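A look at the structure
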Amino acid sequence: MADGSDPEYVAYVHGRAAALRRTAYLLCGDTHQADDLVQETITKLYARWPRIGRVDNLDAYVHSILVRAFLDEKRRGWWKVRLGVPPERPAPPHPGVEERAMLRAALTRVPPRQQAVLVLRFLCDQPVADVARALGCSEGTVKSQTAHGLAALRRILGNPLEIGMAR
Amino acid sequence: MTKQADDEEYGVALLRPLAGEPDGPARIDVARAMRDGRRRRLSRWWASGTAVVALTATAAAGGTLAFSAAGRPAPERAPVATTEPPVTAAPAGPRDCRVTRLPTDGVRKALVTGGDPTGTWLAGRTYPKRGSMSYPLVLWRDGKLAASVDMSGSDQSLEDLNSHGDAVGFSFDPEIKPWSYAEGKLTALAGGEGAAVALNDKGVIVGSLGPAYEGRPARWSSRTAQPESLPMPAGMTVGTAVDIDEDGTVVGTVEGKNREGSGYLWLADGTARKMPLPDVDGTKATMFWPEAIRNGWVVGRSVVDTKRERSFAPFRYRVSTGRYERLPADAGLPQRVAANGWVLGTARLPVITSAGGVTTELPAYPKAAAHPDYLINSYSDDGLVAAGYVIGDDIQNQPLLWRCR
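So, here's what we can say about the structure. All values reported here derive from a predicted model rather than from experimental measurement. (Residues numbered from 1 in each chain as written. Chains lettered and ligands numbered in written order. Predicted model: local features only at pLDDT ≥ 70, side-chain atom pairs only at ≥ 80, totals over all residues. Heavy atoms only, no water.)

1. What about the overall build of chain A?
For chain A, the helix and strand inventory stands at seven helices and zero strands. N-terminal to C-terminal, the α/β element order of chain A is α-α-α-α-α-α-α. Residues classed as buried in chain A amount to 60% of the 167 residues present. Contacts in chain A between residues at least 24 apart in sequence constitute 70% of all its contacts with a sequence separation of at least 6. A total accessible area of about 6,900 Å² is found for chain A, and carbon and sulfur atoms account for 53% of it. (Helix = DSSP H or I, 4+ residues; strand = E, 2+ residues; numbered from the N terminus. Buried < 20%, exposed > 50% of the residue type's maximum accessible area, 1.4 Å probe, protein only. Contact = heavy atoms within 4.5 Å. Areas by Shrake-Rupley, 256 points an atom, 1.4 Å probe, with all protein chains shown as cover.)

2. Quick look at the side chain of Thr113 of chain B
Residue and element names in this part refer to chain B. Relative to the helices and strands, Thr113 is located in strand S2 (residues 109–115). Since its relative accessible area comes to 2%, Thr113 is described here as buried. Among the polar contacts listed, one links the side chain of Thr113 to the backbone oxygen of Leu158, at a separation of 2.6 Å. (Polar contact = N/O pair within 3.5 Å; in protein donor to acceptor, adjacent residues only side chain to side chain.)

3. Describing the packing of helix H5 (residues 112–123) of chain A against helix H7 (residues 139–157) of chain A
Residue and element names in this part refer to chain A. The contact between H5 and H7 brings their axes to 8 Å, and the two run at 100°. Relative to H7, the element H5 lies roughly perpendicular. Contacts from Arg113, Gln114, Val117, Leu118, Arg121 and Phe122 of H5 reach H7 at Val142, Gln145, Thr146, His148, Gly149, Leu150, Ala152 and Leu153. Across the contact of H5 with H7, the residue classes tally to seven nonpolar, five polar and two charged. (Axes fitted to C-alpha atoms, helices over the stretch in contact; angles between N-to-C directions. Parallel < 35°, antiparallel > 145°, perpendicular 65-115°, else oblique. Nonpolar A, V, L, I, M, F, W, Y, C, P; charged D, E, K, R; others polar.)

4. Observations regarding the sheet that holds strand S16 (residues 262–266) of chain B
All names here are of chain B. Read from one edge to the other, the open sheet built from four strands follows the order S14-S15-S16-S17, with strand pairing classed as antiparallel. Unpaired on one side and paired on the other, strand S14 (236–244) and strand S17 (272–274) mark the two borders of the sheet. Each neighbouring strand pair of the sheet contributes to a mean axis angle of 30°, computed without reference to strand direction. Bridge analysis of strand S15 (residues 250–256) against S16 gives five bridges, and the strand direction is antiparallel. When the sheet's bridge partners are listed, Gly252 is paired in S16 with Tyr264. (Pairing = 2+ DSSP bridges.)

5. So, the nonpolar core
If you look at the biggest cluster of nonpolar residues, it comprises 59 residues, and the most contacted ones within it are Tyr9, Ile42 and Leu45 of chain A. Split by domain, the residues of this core number at least three in each of domain 1 (1–74) and domain 2 (87–167) of chain A. With near-sequence residues (within four places) excluded, Leu45 of chain A lies in contact with Tyr9, Tyr12, Val13, Ile52, Leu58, Tyr61, Val62 and Ile65 of chain A. Counting 20 residues, the second largest nonpolar core, distinct from the first, contains Trp342, Tyr379, Leu384 and Leu400 of chain B. (Core = buried A, V, L, I, M, F, W, Y, C linked by side-chain atoms within 4.5 Å. Domains from an automatic or database assignment.)

6. Overview of the pattern of salt bridges
Residue and element names in this part refer to chain A. Counted under the stated rule, the structure contains 17 salt bridges over all chains. With a shortest N-O distance of 3.2 Å, Asp130 and Arg133 are connected by a salt bridge. You can see Asp130 and its partner Arg133 sitting in helix H6 (residues 128–135), three residues apart, about one turn around the helix. For Arg133, a relative accessible area of 46% corresponds to the partly exposed category. (Salt bridge = Lys/Arg side-chain N within 4 Å of Asp/Glu carboxyl O.)

7. Overview of the packing of aromatic side chains
Given two aromatic rings, one states the distance between the centres and the angle between the planes to describe the pair. Evaluation of the coordinates by the stated rule reveals eight aromatic pairs over all chains. Judged by centre distance (5.0 Å) and plane angle (65°), the rings of Phe288 of chain B and Tyr324 of chain B are edge-to-face. Taken together, the positions of Phe288 of chain B in strand S20 (residues 287–294) and Tyr324 of chain B in strand S23 (residues 323–326) put the pair 36 residues apart, joining distant regions of the chain. We note that Phe288 of chain B, like Tyr324 of chain B, is buried. One aromatic cluster is present, built from ring pairs that chain together Tyr9, Tyr12, Tyr46 and Trp49 of chain A. Arg154 of chain A extends its terminal NZ or CZ atom over the ring of Tyr10 of chain B, reaching a point 4.0 Å from the ring centre. (Phe/Tyr/Trp six-rings, centres within 6.5 Å; stacked < 30°, edge-to-face > 60°. Lys NZ or Arg CZ within 6 Å of the ring centre and 35° of its normal.)

8. Digging into the sheet that holds strand S27 (residues 358–361) of chain B
Residue and element names in this part refer to chain B. As summarised here, the arrangement of the four strands in space is S24-S25-S26-S27, forming an open sheet in which the pairing is antiparallel. A strand with exactly one partner marks an edge of an open sheet, and here the two such strands are strand S24 (333–337) and S27. Looking at each pair of strands side by side, their axes are set apart by 30° on average, direction ignored.

9. Some remarks on H7 of chain A
Residue and element names in this part refer to chain A. Its 19 residues give H7 an end-to-end C-alpha distance of 27 Å, which sits within 8% of 27 Å, the value for a rise of 1.5 Å per residue. Within H7, burial applies to Thr141, Val142, Ser144, Gln145, Thr146, Gly149, Leu150, Ala151, Ala152, Leu153, Ile156 and Leu157. Looking one or two places after H7, you find Gly158, whose phi comes out positive at around 95°. (Expected span 1.5 Å × (residues − 1).)

10. Side note on the state of the cysteines
All names here are of chain B. Enumeration over the complete set of coordinates arrives at one disulfide over all chains. Note on cysteine connectivity: Cys97 is disulfide-linked to Cys404, with sulfurs 2.1 Å apart. What sets the handedness of the Cys97 and Cys404 disulfide is the S-S torsion sign, and at about 110° it is right-handed. Here Cys97, found in the loop between helix H2 (30–42) and strand S1 (98–101), pairs with Cys404, found in the segment after strand S30 (395–403); they are 307 residues apart in sequence, far enough to count as distant. Each member of the pair, Cys97 together with Cys404, is buried. (Disulfide = S-S within 2.5 Å.)

11. Things to note about H5 of chain A
Residue and element names in this part refer to chain A. Look at H5: 16 Å from first C-alpha to last across twelve residues, which is about the 16 Å you get at 1.5 Å a residue. Buried residues dominate H5, accounting for twelve of its twelve residues. Of the positions making up H5, those classed as buried are Pro112, Arg113, Gln114, Gln115, Ala116, Val117, Leu118, Val119, Leu120, Arg121, Phe122 and Leu123. Directly beyond the C-terminal end of H5, a positive phi value near 55° is found at Asp125.

12. Observations concerning unusual backbone geometry
Not every positive phi belongs to a glycine, and Asp125 of chain A is a case in point at roughly 55°. With respect to the element layout, Asp125 of chain A can be found in the loop between H5 and H6. One non-glycine residue, Asp105 of chain B, adopts positive backbone phi at about 55°. With respect to the helices and strands, the residue Asp105 of chain B is situated in the loop between S1 and S2. Taking relative accessible area as the criterion, Asp105 of chain B reaches 22% and is therefore assigned partly exposed.

This is the structure:
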């Protein structure tokens, strides 16, 4: 368990940075933004580090800081993506790139909490209980947000949907 | 197979193409995190949990519904549903707009989440008090810090204020919970799970009851009243009130099963009706999403879904005539509307659309240079005071106030 000292903090951050960065990248889809989210997360963590010994599950706690940081940055801004600016449609180097771009664009049009729920559950393989803890909501809410988020993605992408379905 | 297991498989397959690793070396700076984090530990804080001014004083500047004749929009026009902005009245709009950062007493990051119709009161959230997970809420009066509000739960927010400085909001604890703030005191609203999102000068509060995103539209006739459900048409299962006008008219959205919501009006005479869907370039909109109501004006955006794309267009709607007016393309997406009918939207910058469809961009915050995103939550009835916050590549949430003449 962390004892609240600086060497403990440095060791902890070095040990977890890659995993945090990966989660941040999956949440926001952009390397630079992911780094900013991790930077903000570890800054918050350091600010709280002296009292960190009271935290039962440090990884879950840090994870929730990261998800909140993502939500705070996205909040109220998610729907503005691409508005007023025609979507850039450069010729894709190969089909996978366009598919990713389209999916990512669709995901950014889903409300931020639903984005977070979908990414954490389906890309990060996190159980419902962990996602609920990260978001500060009930497991029931995570389940309903999952259903709403998937329904929204279906609508945005058009139905019937074959994108991403390995068939 | 159960629906949930279906969803599980579908979700994993759907999102699989987004799996991947960030490119290149990390730009994470542990030394800087420690330096910044240490500063946050030490950051000074104003007296928490105590209102430092009486919140009962009525903000008098101009009166709630006082607005100048010059700022009044042109008389009713026929609905405009073309791509061309209406150009009829002589230009009359805001002048000499200036932006300032709202004070936060040393705290580096804060949001503005709501404001009152006189432009006197603003509410926001600050980040974060040293060593805690809480985000203290603050009130500003005339651009100065006036009170700190200690709301329990997470993601706390005061969403709206009236001209008396009374506020409503919500937090997650862990379910969403509605709050009222008046006379320096925070009280949980009756009804349990729900959200309070707007109130008028008579103290009537609206929002929703039930889980976040899945509630039903609701109204509290006062902060001590039991909530009443606002009626929804048959087949509609979910909805929320979005805003309330001074005459009691409530605008919100209702949605049926597996469909997104569209605009709905609960009128002051007790009747209710669906907002019509505007025509957008010859296509009937899929939905209309209202954002705000003031003095009989509703503003929001139309949503047009095609098989591959979703597009928005900005509109202003007059409750008395039931007519839409498409705003110019550079009006941005409407966020708030002033009593004089001017519309505050957000595009690259915040934009005011005044009489005759004249648009005026509000000035940028000079310290936000890289990809700033302006989020606006307050607009005064005279159309001259706006507030919100900015985030960008080089800047975190910074609370901003714009004043025009």
